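Spelled out, the chains give:
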Amino acid sequence: MRPIVLALPFLLALTAPAAAVPVDLELVLAVDVSGSMDQGEQALQRRGYVEAFLHPEVVAAIRSGPYGRIAASYVEWAGPGVQRVTLPWTLIETATDAEDFAAGLAEVPPTRFRGTSISGVLTFAAPLFDDNGFEGLRRIIDVSGDGPNNAGAPVTLARDAAVADGIIINGLPIQLAPGGPFGLGAGDLAAYYRDCVIGGPGAFVIPVTEEEQLLESIRRKLVLEIAGTTDLLVPAAAEAAAADCLVGERLRRVWEREP
């Protein structure tokens, strides 16, 4: 019986990794599911992302880039070590792809956990871009949340590490309750996100202070991120002294000491 001889190119084809799919954007949607978000707010937030991917403006933004496609992943987070990939990396190129992503998101049962660690989700999300099967012109982590970092590492350390890796961080601070978690007001939360959370070229914040704003703000944010258009954005807050990037940790210690 004659031995089977395989050509070297054939062997290389069997062992070589698949080439990454080029996309206009690799996007991690990092969504707060901490206990400070009540069930109604969480349901509205989830609905906002579902409806956004069904909206013609978002689909048009996806189709507008050089490749006409993006890759997206949806991550839910709360305290340190509490992060889960709700939807893995998904190629979105057509309206049908966007509908499938929205349908998958709508089917996932809601969850709630304790704590608010923005640093934790940034540290968790940054490596998700590695070997994910896509090669984007831009990489973005989009953080939505209703309070400052109050557990885990300082948020600025995680932000700076992600930005150093070429990742842009955008923010959607949600402040629907008067006074907010730990008494941090809406304007203060927007400034906190501006000064302590977002980073990278063109990074922006869209604050939400009214429930009726949330659905539209999520859609607008996605359109701006996907299309790469940020020049029309109004600054998150008037120029003022830099926000205290450890305010959440300080307020948490005060809260824990109270009887």
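A. Highlighting the packing of helix H2 (residues 39–54) against helix H8 (residues 211–227). One can describe the packing of H2 onto H8 by two numbers: an axis separation of 9 Å at closest approach and a directional angle of 40°. With respect to each other, H2 and H8 are oriented oblique. With respect to the hand of their crossing, H2 and H8 are arranged in right-handed fashion. In contact with Leu44, Gln45, Arg47, Gly48, Tyr49, Glu51, Ala52 and Phe53 of H2, H8 contributes Glu211, Leu214, Leu215, Ile218, Arg219, Lys221 and Leu222. Taken together, the residues that form the contact of H2 with H8 break down as eight nonpolar, two polar and five charged.

B. Just the pattern of salt bridges, in detail. On inspection of all chains with the given rule, the structure shows eight salt bridges. Between Glu57 and Arg219 there is a salt bridge whose closest N-O contact spans 3.7 Å. Placement of the pair is Glu57 in helix H3 (residues 56–63) and Arg219 in helix H8, with a sequence separation of 162 residues.

C. Highlighting the side chain of Asp142. Note on placement: Asp142 falls in strand E4 (residues 134–145). Residues contacting Asp142, with those up to four places away along its chain left out, are Leu27, Val28, Leu29, Ala30, Tyr49, Asn170, Lys221 and Glu225.

D. Quick peek at the layout of surface pockets. Roughly 200 Å³ of volume is contained in the second largest pocket. When contributions to the lining of the second largest pocket are tallied by element, the ones reaching two or more residues are H2 and strand E2 (70–77). Considering each element in turn, the lining of the second largest pocket owes the most residues, five residues, to H2.

E. Quick look at helix H5 (residues 118–125). Extensive coverage of H5 is indicated by the burial of six of its eight residues. Within H5, burial applies to Ile118, Ser119, Gly120, Val121, Leu122 and Ala125.

F. Representation of the packing of H5 against helix H6 (residues 155–164) in the model. Relative to each other, H5 and H6 sit at 20°, their axes nearing to 8 Å. Our classification of the angle between H5 and H6 gives roughly parallel. In the crossing of H5 with H6, the sense of the turn from one axis to the other is left-handed. Between H5, through Ile118, Ser119, Leu122 and Thr123, and H6, the contact on the second element is made entirely by Val155, Ala158 and Arg159. By residue class, the composition of the contact of H5 with H6 is four nonpolar, two polar and one charged.

G. Summary view of a negative patch on the surface. Together, Asp38, Glu210, Glu211 and Glu212 give the surface a local cluster of negative charge. By secondary structure assignment, the location of Glu211 is in helix H8.

H. Representation of the packing of aromatic side chains. Counting across every chain of the model gives four aromatic pairs. Seen from their ring centres, Tyr49 and Tyr74 are 5.6 Å apart, and the 80° between their planes marks the pair as edge-to-face. Of the two residues, Tyr49 is situated in helix H2 and Tyr74 in strand E2; the sequence distance between them amounts to 25 residues. Owing to a relative accessible area of 0%, Tyr49 belongs among the buried residues under this scheme. For Tyr74, a relative accessible area of 1% corresponds to the buried category.

I. Summary view of the sheet that holds strand E3 (residues 83–92). Taken in spatial order, the five strands of this open sheet run E3-E2-E1-E4-E5, and their pairing is mixed. Since the sheet does not close on itself, it has two edges, and those belong to E3 and strand E5 (168–173), each with one partner. Within the sheet, the average angular offset between the axes of one strand and its neighbour, ignoring direction, is 15°. Inspection of the sheet shows E2 paired to E3 by seven bridges, in the antiparallel sense. Opposite Val75, over in E3, you have Val85 as the bridge partner. Contacting strand E1 (21–32), E2, E3, E4 and E5, H2 crosses the sheet at an angle of about 165° to E1.

J. Region of the structure containing the pairing of E5. Extensive coverage of E5 is indicated by the burial of six of its six residues. Residues of E5 alternate between two faces, with Ile168, Asn170 and Leu172 on one and Ile169, Gly171 and Pro173 on the opposite face, all of them buried. Bridge count for E4 against E5 is six bridges, and the pairing is parallel. Residue pairing for E5: Ile141 is matched across the bridge by Ile169. As a crossover connection, the stretch from E4 through H6 into E5 is right-handed.

Definitions and cut-offs
- Residues numbered from 1 in each chain as written.
- Predicted model: local features only at pLDDT ≥ 70, side-chain atom pairs only at ≥ 80, totals over all residues.
- Heavy atoms only, no water.
- Axes fitted to C-alpha atoms, helices over the stretch in contact; angles between N-to-C directions.
- Helix = DSSP H or I, 4+ residues; strand = E, 2+ residues; numbered from the N terminus.
- Parallel < 35°, antiparallel > 145°, perpendicular 65-115°, else oblique.
- Left-handed = near helix turned anticlockwise from the far one by under 90°.
- Contact = heavy atoms within 4.5 Å.
- Nonpolar A, V, L, I, M, F, W, Y, C, P; charged D, E, K, R; others polar.
- Salt bridge = Lys/Arg side-chain N within 4 Å of Asp/Glu carboxyl O.
- 1 Å grid on protein atoms, 1.4 Å probe; cavity = no way out; pocket = protein on both sides within 12 Å on 5 of 7 lines; lining within 4 Å.
- Points joined across faces, edges and corners; volume = space filled by probe spheres on them.
- Buried < 20%, exposed > 50% of the residue type's maximum accessible area, 1.4 Å probe, protein only.
- Patch = residues over 30% accessible without salt bridge, like charges linked within 9 Å, V, L, I, M, F, W, Y side chains within 5 Å.
- Areas by Shrake-Rupley, 256 points an atom, 1.4 Å probe, with all protein chains shown as cover.
- Lys, Arg positive; Asp, Glu negative; His and termini not counted.
- Charge placed at Lys NZ, Arg CZ, Asp CG, Glu CD.
- Phe/Tyr/Trp six-rings, centres within 6.5 Å; stacked < 30°, edge-to-face > 60°.
- Pairing = 2+ DSSP bridges.
- Right-handed = clockwise from strand over helix to strand, strands pointing away.

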